[in-house]
Each structure stands twice: as C-alpha cells, then as structure tokens.
Amino acid sequence: MSWKELYNSKIKTAEEAVKYIKSGDKVILHHAAAEPIYLVEKMAENYKNYKDVEVYQMVELGPASYAKPEMKGHFRFNAPFLGATTRGSVADGYGDFTPCFFYQCPELIKTKLGPDVALINVSTPDKNGYCNYGVSCDYSKPSAEAAKLVIAQVNKYVPRILGDNFIHVSDIDIIVEHDAPIVEIPLPKIGEVERAIGQNCANLINDGDTLQLGIGAIPDAVLLFLKDKKDLGIHSEMISDGVVELVESGVITCNKKNVNKGKMIVGFLMGTKRLYDFVDNNPMVLMNPITYVNDPRIIGENDNLVSINSALQVDLYGQVCAESMGTTQFSGVGGQVDFIRGAAFSKGGKSIIAFPSTTKNDTISKVVPFLTAGSPVTTSRTDIDYVVTEYGIAKLKFNTLRERAKQLINIAHPNFREELKKEFKIRFKEDF
C-alpha cells in the first residue's frame, strides 16, 4: 500500500476521532502555538462521555475548555507549566502542577504519565509521506512517539521546519483534515523600563556569543540593542519575531558556534506570521526535541552561551522565584534552570535574570529581603550569575552574601532601597 493510500484509509472526522479517547486515558496535547485547537475543542465538547481523562499541556494558547470548572470529573489538567486559562484549575483543586525541568518533560511523560493519546497539529505530507510537527517539537514529538494512539490534525498552514521534526503517515493512527492558521502572538509593547533593561543586558553580550532568549518585551528589547553586534548565534528553547530582523541584517549568523555551526537550534516558536513564514523550509533553522535543545550538557558545548530569563522575585541572597506567588502557582520552571546550568558549562558563558524592579505601578518591589512565604526557589543562589533591572547590573556569582545584597540593593527601585538597607544592617551587622 502506498503512503497516499495509507493516508486516505486513516481519515476521519474530528467527532469520530475523539470518540477513540476513553475514560481514564492520559492525553498529551501539541504544545503552544502548535496546539490542534480544533481537535482539542471537539474533545472538550465530548466531555459527557469521559470520566477522569488526564490532559497534559504546557503553554496553552487555545480556550483550554477542558480546564474549566464544569469539566471537573471529566478532565483533570496536569502540567509543569501553567497559563492564564489553566492556573485556575490548579488553584481550585481540580488540576495538578508537576514540577519538572523542561528538558526532562519527555521523560516525565513517558515514565510517569504513560501517554495513551497524543493530539498533534501537523503539515500536509511531503512527497515521501512525511508530515512536519511545525512550530513545536519540544516534548510534543517524543510524546507522540510514546503514545498508544496518535490523532493528527493535518493542516496546510503548518510550516515545514527542518531538523528532527517529522512524523511519517504510517506513524499516525487517525487523520483529521482541518486547515486553521497557526495562532499568532502579537508583538509586545516595549516601554522605557524594558528598553533600559534591554540595553543593560546587551552590554553583557559580545560579538560571536550564542543566545538563549524567551518571548516578551524584555527579550525583544534586548534584540533592539544588538544591531551593532556581529556573528551572534541562537541556541534557544524558543524564539519569536525579534530574531528575524537580526538574521536578515546579518547580525545573527551562527557562524561562531562550536556545534551546529550556521544553524539556529530551537524547540518551539511563538510569534506572528512573519516568523512562521521565515522558518518555513529555512535551512538555517533546526527544530529539535527539548531533550536535545535544553540539555545543559549540550547547551554548554557552545562557547560564550548567554541565557536571558526573568523572575517574579529575587531575594538578597540571590535566590530567584520565577514561577509562583507564595503558594499560588503562576507558571513553571520552564527552561530557566536548564539554560542557567548550560551557561555554567559553557566556556565564557553567562546567565542573566532580567526583570523590571517593581510591579503594580511601582508599589511592589521585585528585589526583596526574603521570598514571599511559600514561594519555591526556581534558581538557587548557587546557580545565579547576573541580575539585571532598569537600574543596572548585579554580578552575583562567586560573590559573598554581603556583596550580593549590596549589588541587588543598588539595582532595586529607589523607592525601596532604604527598606532594603535596613534589612542589610540587621542581616550583616553593618551599615550599608
């Protein structure tokens, strides 16, 4: 049987496909902008026929109807990362949060969850019968490979991104043909605070460095100040639109990388159509599972690796909480620690925690004497390297606790420095 005949034999409607999901199944959803929203919502519409279906997903960009209160008893959300539409299920006790480093998520899925069903969103097949996972490979490809049943939304809008990012028609059990544009993330607004943080971070980046960047105003602000750099590289769990201009202007070439020279290595993408068009069939971009992209040992094979991540709070010891507000889980570890430790392995590597010094209209300081009670430590004080706010740069690695506290107070918002200095005197038995 040719792959085309095989493909046609597997076509079903979405309504037919989701009936193959059974009560008690563990269902893994394609990640972030690759989510097969049409399939997921058809599954949610069928909720009355399910009991105790566990749904695993990290960044969700669809409605996430399975995580709504009325779905209690039918679905239970479980993930190592929460978003706006899923964190309520955990806070209210009908969802679960599982702490896990991003690069270990495929191992978590395979060994702890044991996936029954994977819902994925893939490209139309090429001439050899291979579909592409598009804008998310990360845990999504390893999960589909481990699942007992793979249901694929075949979608002409999914870009074909090179790398270890393909699935053959023969490895798909059920095909649902449905075309829907990839979810777009609007460009962030970059204000004066973000620009100042971006410039401070850029001052730590040199020609030839390899970068890990996230999404949002601060990473994009950093990119604004890199236009005079040369031969930058990318090895990052994700990228967004900001890198496109720097590639097109010749700033990002990846030519100084030790491994994957000339290639951008990524695990997933979120951005606008400009980004999705840029990566389509682009031999410079290689999409790989997160077990490769975020493995600290592999990250560290690149010299001069600079990682940039964020935080909700940093205390005077240099401990970082990036995922929780007290006992209320807000997001997750993500790849922050993966890349901080990878940068530590890297010859000449640096890791940066960058964030605005305050929140809620300058009423709450993010540099604090102690993390809020109940907050987990995302990045330990032993792992920390640089901390950056709009007020400057603090170098914490290999510095004493007293030296760290002084530097952090100096980059805190001026409104909170006197309070922090009082804590400094109590803790270190000397005036600031």
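The preceding data block contains the structure.
Attention in this report is confined to the structure presented alongside it. All values derive from a computational prediction rather than experimental measurement.

**Some details on the environment of D220**
Part 1 of the reasoning: Considering the arrangement of structural elements, one finds D220 in helix α8 (residues 217-224).
Part 2 of the reasoning: The buried category is assigned to D220, whose relative accessible area is 10%.
Part 3 of the reasoning: Placed 26 residues apart in sequence, D220 and E194 show a C-alpha to C-alpha distance of 8.8 Å.
Part 4 of the reasoning: Filtering out sequence-adjacent residues up to four positions away, D220 remains in contact with P188, I190, S240 and G242.

**A word on the pattern of salt bridges**
Part 1 of the reasoning: Within this structure, the stated rule accounts for 18 salt bridges.
Part 2 of the reasoning: With a closest N to O distance of 2.9 Å, E15 and K42 form a salt bridge. Taken together, the residues span a long stretch of sequence, with E15 in helix α2 (residues 14-18) and K42 in helix α3 (residues 37-45) at a distance of 27 residues.
Part 3 of the reasoning: Given the relative accessible area of 37%, E15 is considered partly exposed.
Part 4 of the reasoning: The class for K42 is buried, based on a relative accessible area of 17%.

**Here we look at the packing of helix α14 (residues 401-410) against helix α15 (residues 414-428)**
The geometry of a pair of packed helices is captured by two quantities: the angle between their axes and the separation between those axes.
Part 1 of the reasoning: Relative orientation of the contacting elements α14 and α15 amounts to 170°, with a least axis distance of 10 Å. Between α14 and α15, the crossing angle belongs to the class labelled roughly antiparallel. Across the interface between the two elements, L401, R402, A405, K406, I409 and N410 of α14 pack against R417, L420, K421, F424 and F428 of α15.

**Details of the sheet that holds strand β15 (residues 313-315)**
Part 1 of the reasoning: Reading across from one edge, β16-β15-β22 is the order of the 3 strands in this open sheet, with mixed pairing throughout. Single-partner strands in this sheet number two, and they are β16 (320-321) and β22 (367-368).

**Looking at the layout of surface pockets**
Part 1 of the reasoning: Quantified by volume, the largest pocket comes out at close to 1,200 Å³.
Part 2 of the reasoning: In terms of lining residues, the largest pocket is bounded by 43 residues, among which F81, G214, I215, G216 and S310 are the most central.
Part 3 of the reasoning: Counting residues per element, the ones that place at least two in the lining of the largest pocket are α8, β11 (233-239) and β14 (305-309).
Part 4 of the reasoning: Top contributing element to the lining of the largest pocket by residue count: α8, with 3 residues.
Part 5 of the reasoning: Of the residues in the lining of the largest pocket, the class split is 26 nonpolar, 12 polar and 5 charged.
Part 6 of the reasoning: If you add up the space inside the second largest pocket, you get close to 270 Å³.
Part 7 of the reasoning: In terms of lining residues, the second largest pocket is bounded by 13 residues, among which L312, Q313, M325, T359 and I364 are the most central.
Part 8 of the reasoning: At the level of secondary structure, the elements contributing two or more residues to the lining of the second largest pocket comprise β17 (324-325) and β21 (364-365).
Part 9 of the reasoning: When the residues that make up the lining of the second largest pocket are grouped by side-chain class, the tally is 4 nonpolar, 7 polar and 2 charged.

**Comments concerning the side chain of E41**
Part 1 of the reasoning: Checked against the element boundaries, E41 lands in helix α3.
Part 2 of the reasoning: The buried charged residue E41 lacks any salt bridge partner; its closest oppositely charged side chain belongs to K68, at an N-O distance of 6.1 Å.

**A look at empty space enclosed by the protein**
Part 1 of the reasoning: Scanning the model with the defined rule gives 2 cavities of 30 Å³ or more in all.
Part 2 of the reasoning: Taken together, I185, P186, L187, P188, I215, D220, S240, D241, M270 and G271 form the lining of the largest cavity.
Part 3 of the reasoning: When residues of the lining of the second largest cavity are traced back to their parent elements, those giving at least two are β1 (26-29) and β2 (53-56).
Part 4 of the reasoning: Looking at side-chain class alone, the lining of the second largest cavity contains 5 nonpolar, no polar and 2 charged residues.

**Brief notes about unusual backbone geometry**
Part 1 of the reasoning: Although it is not a glycine, D52 sits at a positive phi angle of roughly 55°.
Part 2 of the reasoning: With a phi close to 55°, N260 is a non-glycine residue in the positive phi region.
Part 3 of the reasoning: Position of N260 among the secondary structure elements: in the loop between α9 (242-248) and β12 (264-269).
Part 4 of the reasoning: Given the relative accessible area of 25%, N260 is considered partly exposed.

**Remarks on the sheet that holds β14**
Part 1 of the reasoning: The strand order across the open sheet formed by 8 strands is β13-β12-β11-β10-β14-β19-β23-β24, and the pairing between neighbours is mixed. The open sheet terminates on both sides in strands that have one partner only, identified here as β13 (285-287) and β24 (392-395). Pairwise comparison of adjacent strand axes, ignoring direction, gives a mean angle of 25° for this sheet.
Part 2 of the reasoning: Pairing between strand β10 (residues 210-212) and β11: 2 bridges, direction parallel. Pairing of L211 across the sheet is with I234, part of β11.
Part 3 of the reasoning: Here helix α7 (residues 192-202) sits on the sheet in contact with β14, β19 (350-354), β23 (386-389) and β24, set at roughly 150° to β23.

**Some remarks on the side chain of K10**
Part 1 of the reasoning: Topologically, K10 is positioned in the loop between α1 (3-9) and α2.
Part 2 of the reasoning: Despite its burial, K10 remains without a salt bridge, the nearest opposite charge being carried by D173 at 5.6 Å.
Part 3 of the reasoning: The contact partners of K10, leaving out residues within four places of it in the chain, are V169, S170, D171, I172, D173, I174 and I175.

**Notes on the pairing of strand β3 (residues 75-79)**
Part 1 of the reasoning: Among the 5 residues that make up β3, 4 are buried, leaving the element largely enclosed by the rest of the structure.
Part 2 of the reasoning: In the sheet, β2 pairs with β3 via 4 bridges, with the strands oriented parallel. Note on β3: the bridge partner recorded for E54 is R76.
Part 3 of the reasoning: Inspection of the sheet shows β3 paired to strand β4 (residues 95-97) by 3 bridges, in the parallel sense.

**Description of the packing of aromatic side chains**
Part 1 of the reasoning: Counted according to the given criterion, the structure contains 6 aromatic pairs.
Part 2 of the reasoning: Aromatic side chains F102 and F268 sit 6.2 Å apart centroid to centroid with 70° between the ring planes, which places their arrangement in the edge-to-face category. A residue pair is termed long-range when its members are at least 10 positions apart, and F102 in the loop between β4 and α5 (105-113) and F268 in strand β12 qualify at 166 residues. Across the pair, exposure class does not vary: F102 and F268 are buried alike.
Part 3 of the reasoning: Pairwise contacts between aromatic rings join F424, F428 and F432 into one cluster.

Definitions and limits used
Residues numbered from 1 in each chain as written. Predicted model: local features only at pLDDT ≥ 70, side-chain atom pairs only at ≥ 80, totals over all residues. Heavy atoms only, no water. Helix = DSSP H or I, 4+ residues; strand = E, 2+ residues; numbered from the N terminus. Buried < 20%, exposed > 50% of the residue type's maximum accessible area, 1.4 Å probe, protein only. Contact = heavy atoms within 4.5 Å. Salt bridge = Lys/Arg side-chain N within 4 Å of Asp/Glu carboxyl O. Axes fitted to C-alpha atoms, helices over the stretch in contact; angles between N-to-C directions. Parallel < 35°, antiparallel > 145°, perpendicular 65-115°, else oblique. Pairing = 2+ DSSP bridges. 1 Å grid on protein atoms, 1.4 Å probe; cavity = no way out; pocket = protein on both sides within 12 Å on 5 of 7 lines; lining within 4 Å. Points joined across faces, edges and corners; volume = space filled by probe spheres on them. Nonpolar A, V, L, I, M, F, W, Y, C, P; charged D, E, K, R; others polar. Lys, Arg positive; Asp, Glu negative; His and termini not counted. Phe/Tyr/Trp six-rings, centres within 6.5 Å; stacked < 30°, edge-to-face > 60°.

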